[in-house]
Amino acid sequence: MSVLPDGPGAGDLAPSVRAGRPTVTTRLQLEKVALTLFTERGFDATTVDDVAVAAGIGRRTFFRYFASKNDVVWGDFEQGLVALRSHLATIPPERPLLDALRDAVLGFNRFDPSELPRHRERMELILRVPALQAHSTLRYADWRAVVAEFAARRLGEPPHALLPQVIAHSCLGAAMAAYEQWLDRPGSELEVLLESSLGALDGAWAVQRG
């Protein structure tokens, strides 16, 4: 699928070998090429031209797929938000709000096991590369907006009201805490951490015990 093979040794290919490989033909393939280079060389040290050359495409073609280098790291995030909004719209009204949000967020962050190594590379960049922080803030806002819209419908309030916003920020914070743990603890299971973190939003931890 990818121009560059996944796994150890991918970065050892000489430019001439890369150039002899088939050109990228899909957005996903270009994303894989870019993530490999970002991991090998560092995000800041890798240019759009570097990605285009490794992918066997021109600079103009790169920008047909992605608006910027920052956008590559997020992949098809917009489509993910469309799917999240659609999923939330199908949840029965009798389903408790927190349960509905937990299930939806878990689904949004559920990946085939074969995709998890690449997703880890992506999240290492998103959470730990300073150059991506401002861009990430915009993406987080888009994600929170979807959650706030759902919470607002349930509560009969506008999405910008305080409680829907608190719920959206809390869900994002819980997810980010789980991701930080996942990156720091090799061998941990992302879904288990997410479920535990989102479950903590019920506030049971705040009960004083003797």
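Here is a short report on the structure shown in this document. Everything quoted here is computed from the prediction, not taken from an experiment.

Remarks on the overall build of the protein
Right, so step 1: Looking only at helices and strands, one finds eleven helices and zero strands in the protein.
Right, so step 2: In sequence order, the protein lays out its α and β elements as α-α-α-α-α-α-α-α-α-α-α.
Right, so step 3: Here the protein holds 210 residues, and 41% of them are scored as buried.
Right, so step 4: Within the protein, counting contacts between residues at least 6 apart in sequence, those at least 24 apart form 64% of the total.
Right, so step 5: Within the structure as shown, the protein displays about 11,200 Å² of accessible surface, and the carbon and sulfur contribution to it stands at 58%.

Description of the nonpolar core
Right, so step 1: One finds F38 and W143 to be the most contacted residues of the largest nonpolar core, which totals 56 residues.
Right, so step 2: Here the element with the most residues in this core is helix α10 (residues 162-184); it accounts for eleven residues.
Right, so step 3: When neighbours within four sequence positions are excluded, F38 is seen to be in contact with F43, T46, V51, K69, V72, V73 and L125.

Some details on the packing of aromatic side chains
Right, so step 1: Per the counting criterion, the structure on display carries eight aromatic pairs.
Right, so step 2: Between Y179 and W182, the ring centres sit 5.9 Å apart and the planes meet at 75°, which makes this aromatic pair edge-to-face. With Y179 and W182 both in helix α10 and three residues apart, the pair spans about one turn of that helix.
Right, so step 3: On the basis of relative accessible area, Y179 is assigned to the buried category, the value being 2%.
Right, so step 4: The class for W182 is buried, based on a relative accessible area of 3%.
Right, so step 5: Taken together, W74, F77, F108, Y140 and W143 form an aromatic cluster joined through their ring pairs.
Right, so step 6: Over the ring of F43 we find K69; its NZ or CZ atom is 4.2 Å from the centre of that ring.
Right, so step 7: A cation over an aromatic ring shows up here: R120 above the ring of W182, its NZ or CZ 4.2 Å from the ring centre.

Examining the side chain of T36
Right, so step 1: Note that T36 resides in helix α2 (residues 27-41).
Right, so step 2: Within the structure, T36 has its side chain in polar contact with the backbone oxygen of K32 (distance 2.9 Å).

Reading the values: rules and limits
- Counting restarts for each chain: residues are numbered from 1 in the order of the written sequence.
- Local features in this predicted model are restricted to residues of pLDDT 70 or higher, and side-chain atom pairs are both shown and tallied only at a pLDDT of 80 or more, whereas totals for entire chains, interfaces and linings draw on every residue.
- Hydrogen atoms and water are omitted, and side-chain values are computed over all heavy atoms in the structure.
- Numbering of helices and strands runs from the N terminus, with a helix taken as a DSSP run of H or I at least four residues long and a strand as a DSSP run of E at least two residues long.
- Note on classification: 1.4 Å probe, protein chains only; a residue is buried when its accessible area is under 20% of the maximum for its type, exposed when over 50%, partly exposed between these limits.
- Any two residues whose heavy atoms approach within 4.5 Å are treated as being in contact.
- The protein chains shown are the only cover counted for residues, whose accessible areas, like all others here, come from Shrake-Rupley with a 1.4 Å probe.
- Note on terminology: a nonpolar core comprises buried Ala, Val, Leu, Ile, Met, Phe, Trp, Tyr and Cys residues joined through side-chain atoms within 4.5 Å.
- For this analysis, a ring pair means two rings from Phe, Tyr or Trp (six-membered ring only for Trp) whose centres lie within 6.5 Å, classed as stacked if their planes differ by under 30 degrees, edge-to-face if by over 60, and tilted for the remaining angles.
- Look at NZ for Lys and CZ for Arg. If either is within 6 Å of the ring centre and within 35 degrees of the ring normal, a charge sits over the ring.
- In protein, a polar contact requires one atom able to donate a hydrogen and another able to accept it; more generally it is a pair of N or O atoms within 3.5 Å, and residues adjacent in sequence count only if both atoms are side-chain atoms.

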